[in-house]
Amino acid sequence: MATAMRVQMLPARLGDCLLVECLRPRQRPWRMLVDGGPSDTWPLLRARLELLPSDDQTIDVALVTHIDSDHIGGMIPFLASAFAREHVRDVWFNGRPHLPRPVDPPRSVAQGETLTASLGGVPGVSGVSGVPDGMPWNIATAGAAVWAGESIRADAGGFQELDISDGPRITVLSPDARRLGALAKTWWKALDEATHPRPDRGVPKPPQPLRDIEALAATKTTNDAAPPNGSSIALLLEHRGASLLLGADAFGTVLAPSLATLAAARGVDTVPVDAFKLPHHGSQANVTAELIALAPARHYLVSSNGDTFGHPDDPALARVVVGAPAQPTLWFNYRNERTSRWAQTALRTAYGYAVRFPTATRPEAGVAVSLPARRV
Ligand SMILES: [Zn+2]
């Protein structure tokens with residue numbers, strides 16, 4: 001069967017760095033780079049880009065989902081590279097100009113921290129406008145924010161379809177106006193933290209043996225409230241009958257209503273997808289049971305080695321294996337003590353799922369999922 005989409009999830013430690021290729025008959029693949037992991041992911045990403053065919057290295061979209069160091073750390077050197085200047089067609093990033101009521105920069109920024117200013121979009125500071133000078137920025141939205149659009153009702157989710165000529169059908173599911181507003185209030189602090197990350201904070205608690213999965217799935221958890229995560233750009237990509245949901249670090253409380261609104265617009269109850277990159281590295285604060293029910297998937301992608309935050313959380317994966325349709329596959333970009341517990345035969349048999357890890361010989365390649373085409 002022909003492949004419609006390939007998704008490679010690189011090992012980006014606690015962060016995200018994915019390469020998505022939408023294959024097109026008799027044309028080069030349409031490509032999207034999704035985040036760059038923390039800064040130490042850059043050599044790995046650069047090595048991956050060097051594997052692209054020499055006559056076709058186009059990155060149609062470089063997506064910076066939100067300002068957190070585990071997503072933009074590797075994106076900053078990437079966007080500054082000669083490669084990006086030559087091959088990137090569009091950078092999708094919601095910078096300061098896209099936020100409602102942007103507040104003035106503090107003095108230290110105004111005086112010119114080039115990198116911060118560059119990402120922050122401070123007109124007049126070093127002549128930069130948000131992404132490195134001369135780079136195309138949010139072309140797909142005619143320079144406006146990449147966001148889920150106005151919802152029909154105040155309490156409902158929204159979505160926005162982007163017109164990508166000759167590429168996949170792309171629907172933006174996050175952020176909504178409220179989360180962009182929340183980021184606006186804390187923009188400078190968030191940007192400072194993202195560009196000056198603290199050293200990794202210790203070792204998370206060691207994982208416990210997995211026992212009562214149903215109880216884990218039912219664990220009461222507090223929803224994620226961090227403004228940068230809430231501002232995440234989350235996308236549904238559909239191409240030749242295959243589909244991929246990229247959850248970034250988006251809130252379950254934003255994604256679920258957006259998916260519900262999208263499903264209603266399509267006259268269905270849920271939005272089934274082939275692959276779902278779980279939001280926020282499989283955090284229990286983002287992966288809600290409601291979200292899993294609204295976007296049933298055949299493949300679930302989890303990007304984290306567990307550094308600092310101990311992701312993925314057991315309740316999140318329990319919600320997946322309890323709530324997912326029959327025989328899904330969990331893809332982890334690291335095999336470690338935390339993730340390998342989910343590969344126990346007894347568990348896999350009881351809940352009917354499969355698990356995939358990077359190969360032992362090439363862990364630097366992470367995992368790559370191929371989604372078959374259902375139409376030409
Ligand atoms: Zn993250």
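Residues numbered from 1 in each chain as written. Predicted model: local features only at pLDDT ≥ 70, side-chain atom pairs only at ≥ 80, totals over all residues.

Some points on the overall build of the protein
Consideration 1: Of the regular secondary structure elements, the protein holds 14 helices and 14 strands.
Consideration 2: For a compact globule of 376 residues, the expected C-alpha radius of gyration is about 21 Å, and the protein comes in at 20 Å, within 12% of that figure.
Consideration 3: Taken over the C-alpha atoms alone, the protein extends approximately 60 × 50 × 45 Å along its principal axes.
Consideration 4: Going through the 376 residues of the protein one by one, you find that 50% of them count as buried.
Consideration 5: A separation threshold of at least 6 residues defines the contact pool for the protein, and within that pool the share at least 24 residues apart is 75%. (Helix = DSSP H or I, 4+ residues; strand = E, 2+ residues; numbered from the N terminus. Rg over C-alpha atoms; globule rule 2.2 N^0.38 Å. Buried ≥ 20, exposed ≤ 12 C-beta atoms within 10 Å, placed from the backbone. Contact = placed C-beta atoms within 7 Å.)

As for the sheet that holds strand β2 (residues 18–24)
Consideration 1: If you trace the six strands from one edge of the open sheet to the other, you get β5-β4-β3-β2-β1-β14, paired in mixed fashion. Of all the strands in the sheet, the pair left with one neighbour each is β5 (91–92) and β14 (367–372).
Consideration 2: Here three bridges tie strand β3 (residues 27–34) to strand β4 (residues 61–63), and the two strands are oriented parallel to one another. Opposite Leu-33, over in β4, you have Ala-62 as the bridge partner. (Pairing = 2+ DSSP bridges.)

Here we look at the nonpolar core
Consideration 1: One finds Val-20, Leu-244, Tyr-300 and Leu-301 to be the most contacted residues of the largest nonpolar core, which totals 98 residues.
Consideration 2: Counting residues per element, this core draws most heavily on helix α7 (residues 177–195), at seven residues.
Consideration 3: Not counting chain neighbours up to four residues away, the residues in contact with Tyr-300 comprise Phe-276, Leu-278, Val-320, Ala-324, Pro-328, Leu-330 and Trp-331. (Core = buried A, V, L, I, M, F, W, Y, C linked by C-beta atoms within 7 Å.)

Overview of helix α1 (residues 42–49)
Consideration 1: Turning to α1, its buried residues number three or more, namely Trp-42, Leu-44 and Leu-45. When α1 is viewed along its axis, its buried side chains cluster within an angular range of 160° and face the same direction. Facing away from the buried side of α1, by more than 90 degrees, are the exposed residues Pro-43 and Ala-47.
Consideration 2: Contacts from the buried residues of α1 go to α3 (75–80). (Arc of directions from axis to C-beta.)

Describing the confidence of the model for the protein
Consideration 1: Averaged over all residues, the pLDDT of the protein equals 91, while 91% of them reach at least 70.
Consideration 2: For the stretch residues 110–114, pLDDT sits under 50, and the model shows seven contacts to residues farther than four places along the chain or on other chains.
Consideration 3: Segment residues 123–129: pLDDT under 50, and 13 contacts once partners within four positions in sequence are set aside and those in other chains are kept. (pLDDT = per-residue confidence, 0-100.)

Focus on the environment of Ala-354
Consideration 1: By the element assignment, Ala-354 lies in strand β13 (residues 354–356).
Consideration 2: Judged by C-beta crowding, with 12 C-beta atoms within 10 Å, Ala-354 ranks as exposed.
Consideration 3: Along the primary structure Ala-354 and Leu-330 are separated by 24 residues, whereas in three dimensions their C-alpha atoms are 6.2 Å apart.

Things to note about the environment of Ile-139
Consideration 1: If you trace the backbone, Ile-139 turns up in the loop between α6 (114–120) and β6 (160–162).
Consideration 2: Residue Ile-139 is classed as exposed on the basis of its 12 C-beta neighbours within 10 Å.
Consideration 3: Put simply, Ile-139 and Val-271 are 132 residues apart on the chain and 27 Å apart in space, counted from C-alpha to C-alpha.

A short note on the sheet that holds strand β10 (residues 273–277)
Strand pairing in a sheet relies on backbone hydrogen bonds. The paired strands run either parallel or antiparallel.
Consideration 1: Strand order in the open sheet made by the eight strands is β6-β7-β8-β9-β10-β11-β12-β13, with mixed pairing throughout. Every interior strand has two partners, whereas the edge strands, β6 and β13, have only one. Across the sheet, the axes of successive neighbouring strands diverge by a mean angle of 20°, strand direction being ignored.
Consideration 2: Along the sheet face, helix α10 (residues 252–265) touches β7 (169–174) and β8 (234–239) and points at about 135° away from the line of β7. (Axes fitted to C-alpha atoms, helices over the stretch in contact; angles between N-to-C directions.)

A look at the pairing of β8
Consideration 1: Counted residue by residue, β8 has five buried out of six residues, so it is predominantly covered.
Consideration 2: Of the pairings in the sheet, the one linking β7 to β8 comprises five bridges and is antiparallel in character. By the bridge assignment, Thr-171 is partnered in β8 with Leu-236.
Consideration 3: Bridge count between β8 and strand β9 (residues 242–246): five bridges; the pairing is antiparallel. Each bridged residue has a counterpart across the sheet, and for Leu-236 the counterpart in β9 is Leu-245.
Consideration 4: Once β8 ends, the chain turns through two residues before running back antiparallel as β9, passing Arg-240 with a positive phi of about 50°.

What to know about the pairing of strand β11 (residues 297–302)
Consideration 1: By the criterion of burial, β11 is predominantly enclosed, with five of the six residues buried.
Consideration 2: Bridge count between β10 and β11: four bridges; the pairing is parallel. By the bridge assignment for β11, Val-273 is matched with Ala-297.
Consideration 3: The handedness of the β10 to β11 crossover, carried by helix α11 (residues 289–294), is right-handed.
Consideration 4: By the bridge criterion, four bridges tie β11 to strand β12 (residues 329–332) in an arrangement that is parallel. (Right-handed = clockwise from strand over helix to strand, strands pointing away.)

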